[in-house]
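Now for the letters of each chain:
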Amino acid sequence: MRELIKWVIAKRDQTRIVASKISARERLQMVLMRDRMDVSPDIMDALKNDMKDVMSRYLVVEDDFQEFAIHRSDESVFLVSNILVKELPRNTATT
Amino acid sequence: MKGRTIVITSGKGGVGKTTTTANIGTGLAMRGHRVVVIDTDIGLRNLDVVMGLENRIVYDLVDIIEGSCKMHQGMIKDKNNQDLYLIPAAQTRDKNCITEEQVKELCSKLESEFDYVLIDCPAGIEQGFKNAIAAAEEAIIVTTPEVSAIRDADRVIGLLAAAEIHNPKLIINRIRPGMVKRGEMMDKDDIVDLLAVEVLGMVPADDRLITATNQGVPVIHDKRAVSGAAFSRITARIDGDDVPLMDLDPKTGIMGKVKEIMGMNRGAYSHA
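Before going into details, it helps to say that this report is about the structure given with it. Since we're looking at a predicted model, the values are computed, not measured.

**Some thoughts on the overall build of chain B**
No. 1: On a plain count of helices and strands, chain B comes out with eleven helices and eight strands.
No. 2: Scaling as 2.2 N^0.38, a compact globule of 272 residues should have a C-alpha radius of gyration of about 19 Å, and chain B matches this with 18 Å.
No. 3: The dimensions of chain B, computed from C-alpha atoms along their principal axes, are 60 × 40 × 35 Å.
No. 4: Classification of the 272 residues of chain B by burial places 53% in the buried group.

Here it is as structure tokens:
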């Protein structure tokens, strides 16, 4: 009988160890991080065009970027892009 | 002096926006201010029933905006408060029949006559939301301690910032102190950590709020209701008083229970 009571108490404590608010918090942290990092396609397009404009002041670049996207690791966000430079104008090196 | 226009919003539906609007509006009027509350949930009006004014509606928000009636004809005076008015939403129209510009124009007229213009925002983030926030300079976000409501609140905070409405204040509704104590519900600190906004107040889940709403009387009139006391404090804070957040620790022990039953525990829930 004593064993049974012990078992019941142990079982109850086991399930109580992780209170449900902890999992609510953790899930929210993840989901909010992801939500906040979502950049709308419009913004991405605008950013891409602005970058192209700035770069073409110095370089001749290919119109279509080979890669242009936001990448995420656990802690950080990266803007990853691969842009083909077609020509380096002579004055770029001298100034 | 120009009045303050405040939008009450949440993203998610059913978290208590309308009840909050009714109670804050009533609370501010009880403090001697001239207040108008506007229901912008066109097609799904509810603020009228929460305030118990559903039988007095003749004109609505769309009538005022379209000029089918004068502004003052479309404002319904509250049953208990001389200085509280409601502009109800249209029930048989669609949210696209008014524009953000029209809402701005109406609110700037109201601001010259009232101390507070409170806007009850519809759920969602579409045109109805945009109309509701168009004229607001300040925002109150209502959430509950649930994952879905907090996620939507975060989204709305971002959208408000994009619309140049900064530093929104948060009301955490339907907190259950017993569950918080057992670690089964997120508390104020958890939510502040996640959303990084200032808390304007916490409202405990309260049966008396439901009975008050059944009767069409904002619960802030009920001196024995813990939720009413919470709304009193929130109102005082909006009005600039420095009132501490409510102590929601559940009263334990036999004497605590007895006192609670006898209504002697009101000290803990005192109205501001």
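**Section: helix α10 (residues 226-238) of chain B**
No. 1: Here α10(B) contains 13 residues, and its C-alpha end-to-end distance of 19 Å stays within 8% of the 18 Å for a straight helix at 1.5 Å per residue.
No. 2: Where α10(B) ends, the next residue or the one after it, B:Gly240, has phi of about 100°, a positive value.

**What to know about the interface of chain A and chain B**
No. 1: Listed by partner, the interface residues are twelve residues for chain A and 14 residues for chain B.
No. 2: With both chains or domains summed, chain A and chain B bury close to 1300 Å², and 56% of this area falls on carbon and sulfur atoms.
No. 3: Per-residue buried area on chain A facing chain B is highest for A:Lys21, A:Arg25 and A:Leu28; these three make up 43% of the total on that side.
No. 4: Here chain A and chain B share five salt bridges between them.
No. 5: Its salt-bridge partner being A:Asp35, residue B:Arg151 comes within 2.6 Å of it at the nearest N-O pair.

**A closer look at the nonpolar core**
No. 1: Counting 89 residues, the largest nonpolar core has B:Leu110 and B:Leu195 as its most contacted members.
No. 2: Residues in contact with B:Leu110, not counting those within four places in the same chain, are B:Val36, B:Ile38, B:Met71, B:Met75, B:Ile87 and B:Val117.
No. 3: Within the second largest apolar cluster, five residues are counted, among which are A:Met44, A:Met55, A:Val61 and A:Phe68.

**Description of unusual backbone geometry**
All names here are of chain B.
No. 1: Although it is not a glycine, asparagine 167 sits at a positive phi angle of roughly 50°.
No. 2: One non-glycine residue, alanine 196, lies in positive phi territory at about 55°.
No. 3: Locating alanine 196 in the fold gives a position in the loop between α8 (188-195) and β8 (198-204).
No. 4: Residue classification places alanine 196 among the exposed residues on the basis of a relative accessible area of 67%.

**A look at the pattern of salt bridges**
Residue and element names in this part refer to chain B.
No. 1: Counted by the stated rule, this structure contains 16 salt bridges over all chains.
No. 2: A salt bridge links aspartate 48 to arginine 45; the shortest N-O distance between them is 3.3 Å.
No. 3: For aspartate 222, the salt bridge is made with arginine 208, and the minimal N-O distance between the two is 2.7 Å. One end of the pair, aspartate 222, is in the loop between α9 (207-214) and α10; the other, arginine 208, is in helix α9, and 14 residues separate them in sequence.

**Considering the packing of aromatic side chains**
Ring pairs (aromatic) are described by centroid distance and by the angle formed between their planes.
No. 1: One pass over the structure, following the stated rule, counts two aromatic pairs over all chains.
No. 2: Over the aromatic face of A:Phe65 sits the side chain of A:Lys52, whose NZ or CZ is 5.4 Å from the ring centroid.
No. 3: One residue, B:Arg34, lies across the ring of B:Phe114, its end atom 4.8 Å from the ring centre.

Rules used throughout
- By convention here, each chain's residues receive numbers from 1 onward along its written sequence.
- Naming scheme: in the order in which they are written, chains are lettered from A and ligands are numbered from 1.
- In keeping with the predicted nature of the model, local features appear solely for residues at pLDDT of at least 70, side-chain atom pairs appear and are counted solely at 80 or more, and the whole-chain, interface and lining totals rest on all residues.
- Water and hydrogen atoms play no part in the side-chain values, which are based on all heavy atoms of the structure.
- By the criteria applied, helices consist of DSSP H or I runs no shorter than four residues and strands consist of E runs no shorter than two, each listed in order from the N terminus.
- Two things to know: the radius of gyration comes from C-alpha atoms, and the globule rule equals 2.2 Å times the number of residues to the power 0.38.
- Burial status follows relative accessibility: with a 1.4 Å probe on protein chains alone, a residue under 20% of its type maximum counts as buried, one over 50% as exposed, and anything between as partly exposed.
- Given the number of residues in a helix, its expected span is that number minus one, multiplied by 1.5 Å.
- Contacts were defined at the residue level, with two residues in contact if any of their heavy atoms lie within 4.5 Å.
- Values labelled buried area give the accessible surface lost by two parts on being combined, using a 1.4 Å probe and summing over both.
- Salt bridge, as used here: a side-chain nitrogen of Lys or Arg that lies within 4 Å of a carboxyl oxygen of Asp or Glu.
- The set of buried Ala, Val, Leu, Ile, Met, Phe, Trp, Tyr and Cys residues whose side-chain atoms join them within 4.5 Å is what this entry labels a nonpolar core.
- Aromatic pairs are defined between Phe, Tyr and Trp rings, using the six-membered ring for Trp, whenever the two ring centres lie within 6.5 Å; interplanar angles under 30 degrees are classed as stacked, those over 60 as edge-to-face, and all others as tilted.
- Here, a charge over a ring is recorded when the distance from Lys NZ or Arg CZ to the ring centre is within 6 Å and its angle to the ring normal is within 35 degrees.

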